[in-house]
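As a plain string of letters, each chain reads:
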Amino acid sequence: MSDSTSPPPYETLVLLLREKFEVDPQLIDEQATFRGLDLDSIAVVEVFVTLSEHWQVPLDDSAATPDLTLADTAAMVGAALDGRA
Amino acid sequence: MIAGAGACLPPLVVTNDDLVRAGLDTSDEWIRSRTGIASRRWSAPGVGTGDLAVAASAAALASAGATAVDLVVLATTTPDHPCPATAPQVASRLGLSGVPAFDLAAVCSGFLYALAAGDAWIRSGGARTVLVIGAETYSAILDPDDRNTSVIFGDGAGAVVLRRGEPEEPGAVVAVDLGSDGDGAGHIMVRAGGSRLPVYAPSVGLADRTLRMNGRQVYGQAVRRMTNSARRVLAGPDWPLESVGAFIGHQANQRILDSVADRLGIRPEHRFGNIRDVGNTAAASIPLVIAQVAAEHLVRPGTRTLLTAFGGGLTWGSAALTWPDITVEAAFTTFALPGPREEDTVPERKTP
């Protein structure tokens with residue numbers, strides 16, 4: 001569950017990739033794609049489910065493709081948070 | 001409460017490499033990494049869901065020491081015929097002619113829906129004993145060239161006998177939670193063959209007659225729905241998650257099972273499944289695991305047990321029960337038509 005002290009979506013995503021998916025931190029940047037980080041399509045949906053739970057916002061699983069960049073993904077979470085506000 | 005269990009699998013084992021050799025564009029590594037499946041069982045042409053259901057039910061009745069029941073509920077996506085239901089023929093072949101018998105369609109959640117129905121029937125006083133079956137012949141509705149489905153699904157049947165009991169007896173069904181969301185119907189569907197698009201319609205092709213699944217949507221929905229349903233069902237009897245000693249999820253995909261169990265905090269040694277060897281057997285998957293676990297004495301009677309499933313519809317459900325004190329002679333029996341041994345034949349690439 002997020003609150004006002006939670007880090008912004010991109011930082012949350014980075015933390016998730018490092019801790020849950022054991023992605024090499026050196027490979028992570030905003031323009032990296034999930035495919036580039038060696039995450040397959042199922043893993044990307046798992047990222048979406050986890051972000052959706054963390055931020056308590058709905059995310060469209062149909063958008064969860066390996067070619068998404070991390071910046072795109074963080075933007076989706078941000079848009080969902082804006083819609084909730 | 002559960003008083004007996006049994007299961008049946010066709011003898012033909014189809015490995016991932018068999019599928020590749022048959023022309024499917026995939027690999028053993030790809031299938032294992034994305035599904036956790038190494039092989040599945042497929043029935044020979046001519047074998048129906050009813051055949052597997054009868055064999056599993058006979059084993060379950062023997063396990064329960066029962067020769068009669070008051071009701072037969074068969075959960076299946078793949079009945080022997082569109083009309084009539086398969087359950088009455090299954091009942092007659094078991095010597096149970098005369099009892100009420102019906103099919104129940106909730107796809108991969110079907111067994112838990114049927115378990116809930118049978119349990120409610122007993123609680124209402126309408127029956128003392130109920131035969132609950134989950135049986136499938138998915139090989140009959142698969143497009144052999146569709147990598148999204150043909151690597152995943154297998155055939156099989158499992159059954160349990162329910163009888164009236166006391167809440168403190170091992171095997172008691174303590175709580176159930178069921179749900180559905182028809183807005184997601186298109187995520188898992190055979191488009192043709194029903195009233196909306198008859199199978200004889202000129203526009204109907206193979207893709208319409210066979211199962212189609214949107215794997216990405218199904219994964220997300222399955223994880224969310226099973227996790228939430230499991231939490232709800234345990235809240236009823238006020239069972240803390242850490243008190244669950246046996247977890248059996250619908251054997252949809254190993255990564256879905258891991259995701260749900262991890263979210264719930266189920267310890268690895270308390271998770272039971274068979275997806276590696278039999279694939280996703282839809283409504284049959286949970287009772288197949290129950291029979292195997294019981295046959296191998298892997299869980300102590302009375303252990304708090306959590307069952308959860310998700311399937312087409314969309315449907316989902318969970319059950320909280322205590323592990324039954326039953327004797328199951330074998331993890332599964334086999335059913336094959338008389339004639340050449342099925343295990344000696346090359347896998348058929350059926351075209352529905």
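Draft legend 1. Broad picture of the overall build of chain B. Check the secondary structure of chain B and you find 11 helices and 14 strands. In terms of overall dimensions, chain B is globule-like: its C-alpha atoms have a radius of gyration of 19 Å, near the 20 Å expected for 352 residues. Overall, the C-alpha framework of chain B stretches about 55 × 45 × 40 Å when taken along its three principal axes. A buried classification covers 57% of the 352 residues belonging to chain B. Long-range contacts, defined here as pairs at least 24 residues apart, represent 80% of the contacts in chain B between residues at least 6 apart. For chain B, the accessible surface area stands at approximately 13,900 Å², while carbon and sulfur atoms represent 51% of it. Here chain B contributes 30 positively and 35 negatively charged side chains, and the mean placements of these two sets differ by 5 Å.

Draft legend 2. Examining the packing of aromatic side chains more closely. All names here are of chain B. In the structure shown here, the tally under the stated rule is two aromatic pairs over all chains. Each ring, one from Tyr 138 and one from Phe 153, has its centre 4.7 Å from the other, and the planes form 15°; the classification is stacked. Of this pair, Tyr 138 sits in the loop between strand 6 (129-137) and helix 6 (147-150) while Phe 153 sits in the loop between helix 6 and strand 7 (155-163), placing them 15 residues apart in sequence. Summarising the burial analysis for this pair, Tyr 138 and Phe 153 share the class buried.

Draft legend 3. A look at helix 2 (residues 41-55) of chain A. Under the 1.5 Å per step criterion, the end-to-end length of helix 2 of chain A is 21 Å for 15 residues, consistent within 8% with the ideal 21 Å. Listing the buried residues of helix 2 of chain A in full gives Ile42(A), Ala43(A), Val44(A), Val45(A), Glu46(A), Val47(A), Phe48(A), Val49(A), Thr50(A), Leu51(A), Ser52(A) and Trp55(A). Turning to helix 2 of chain A, the residues buried within the fold contact helix 1 (9-19) and helix 3 (70-84) of chain A together with helix 2 (28-35), helix 8 (215-235) and helix 9 (254-264) of chain B. Capping of helix 2 of chain A at its N-terminal end is provided by Asp40(A); its side-chain oxygen lies 3.1 Å from the backbone amide nitrogen of Ile42(A). Backbone geometry just after helix 2 of chain A places Gln56(A) at a positive phi near 55°.

Draft legend 4. Geometry of the interface of chain A and chain B. Counting from both sides, the interface comprises 17 residues of chain A and, opposite them, 12 residues of chain B. Of the roughly 1,200 Å² buried at the junction of chain A and chain B (both faces included), carbon and sulfur atoms supply 44%. Interface area lost by chain A to chain B is led by Ile42(A), Glu46(A) and Asp61(A), which between them contribute 41%. In this structure, the connection of chain A to chain B is made through four salt bridges. In terms of residue class, the side of chain A that touches chain B is made up of seven nonpolar, four polar and six charged.

Draft legend 5. Inspection of the nonpolar core at higher detail. Among the nonpolar cores identified, the biggest contains 73 residues, and Leu17(A), Phe34(A), Leu39(A), Val47(A) and Leu70(A) are the most heavily contacted of them. Those elements that provide at least two residues to this core are helix 1, helix 2 and helix 3 of chain A together with helix 8, helix 9, strand 12 (304-311) and strand 13 (315-322) of chain B. Here the element with the most residues in this core is helix 2 of chain A; it accounts for nine residues. The next biggest cluster of nonpolar side chains, apart from the first, holds 37 residues, and it includes Ala283(B), Ile286(B), Ala294(B) and Ala319(B).

Draft legend 6. Expanded view of the sheet that holds strand 11 (residues 246-249) of chain B. Residue and element names in this part refer to chain B. If you walk across this open sheet you meet the four strands as 8-13-12-11, and the pairing is mixed. Looking at the sheet topology across the chains shown, the edges are occupied by strand 8 (173-180) and strand 11. Going across the sheet, the axis of each strand differs from the next one's by a mean of 10°, ignoring polarity. Here four bridges tie strand 11 to strand 12, and the two strands are oriented parallel to one another. Across the sheet, Ala 246 pairs through a bridge with Thr 305, a residue of strand 12. Sheet strands touched by helix 5 (residues 110-123): strand 8, strand 12 and strand 13. Its angle to strand 8, the strand with the most contacts, is close to 130°.

Draft legend 7. Representation of helix 3 of chain A in the model. Residues and elements named next belong to chain A. The end-to-end C-alpha distance of helix 3, which contains 15 residues, comes to 21 Å, matching closely the 21 Å that a straight helix rising 1.5 Å per residue would cover. Residues of helix 3 that are buried: Leu 70, Thr 73, Ala 74, Val 77, Gly 78, Ala 80 and Leu 81. On an axial view of helix 3, the arc spanned by its buried residues comes to 160°, and they lie on one face. Counted as exposed and oriented over 90 degrees from the buried face of helix 3: Asp 82 and Gly 83.

Draft legend 8. Local environment of the sheet that holds strand 4 (residues 71-75) of chain B. Residue and element names in this part refer to chain B. The strand order across the open sheet formed by six strands is 5-4-6-7-1-14, and the pairing between neighbours is mixed. The outermost strands of the open sheet, each flanked by one partner alone, are strand 5 (101-104) and strand 14 (333-334). Taken strand by strand, helix 3 (residues 49-64) contacts strand 1 (2-9), strand 4, strand 6, strand 7 and strand 14, and its axis lies near 145° from that of strand 1.

What counts and how
- Residues numbered from 1 in each chain as written.
- Chains lettered and ligands numbered in written order.
- Predicted model: local features only at pLDDT ≥ 70, side-chain atom pairs only at ≥ 80, totals over all residues.
- Heavy atoms only, no water.
- Helix = DSSP H or I, 4+ residues; strand = E, 2+ residues; numbered from the N terminus.
- Rg over C-alpha atoms; globule rule 2.2 N^0.38 Å.
- Buried < 20%, exposed > 50% of the residue type's maximum accessible area, 1.4 Å probe, protein only.
- Contact = heavy atoms within 4.5 Å.
- Areas by Shrake-Rupley, 256 points an atom, 1.4 Å probe, with all protein chains shown as cover.
- Lys, Arg positive; Asp, Glu negative; His and termini not counted.
- Charge placed at Lys NZ, Arg CZ, Asp CG, Glu CD.
- Phe/Tyr/Trp six-rings, centres within 6.5 Å; stacked < 30°, edge-to-face > 60°.
- Expected span 1.5 Å × (residues − 1).
- Polar contact = N/O pair within 3.5 Å; in protein donor to acceptor, adjacent residues only side chain to side chain.
- Buried area = accessible area lost by both parts, 1.4 Å probe.
- Salt bridge = Lys/Arg side-chain N within 4 Å of Asp/Glu carboxyl O.
- Nonpolar A, V, L, I, M, F, W, Y, C, P; charged D, E, K, R; others polar.
- Core = buried A, V, L, I, M, F, W, Y, C linked by side-chain atoms within 4.5 Å.
- Pairing = 2+ DSSP bridges.
- Axes fitted to C-alpha atoms, helices over the stretch in contact; angles between N-to-C directions.
- Arc of directions from axis to C-beta.

Interpretation note: all reported values are geometric properties and have no functional meaning in isolation.
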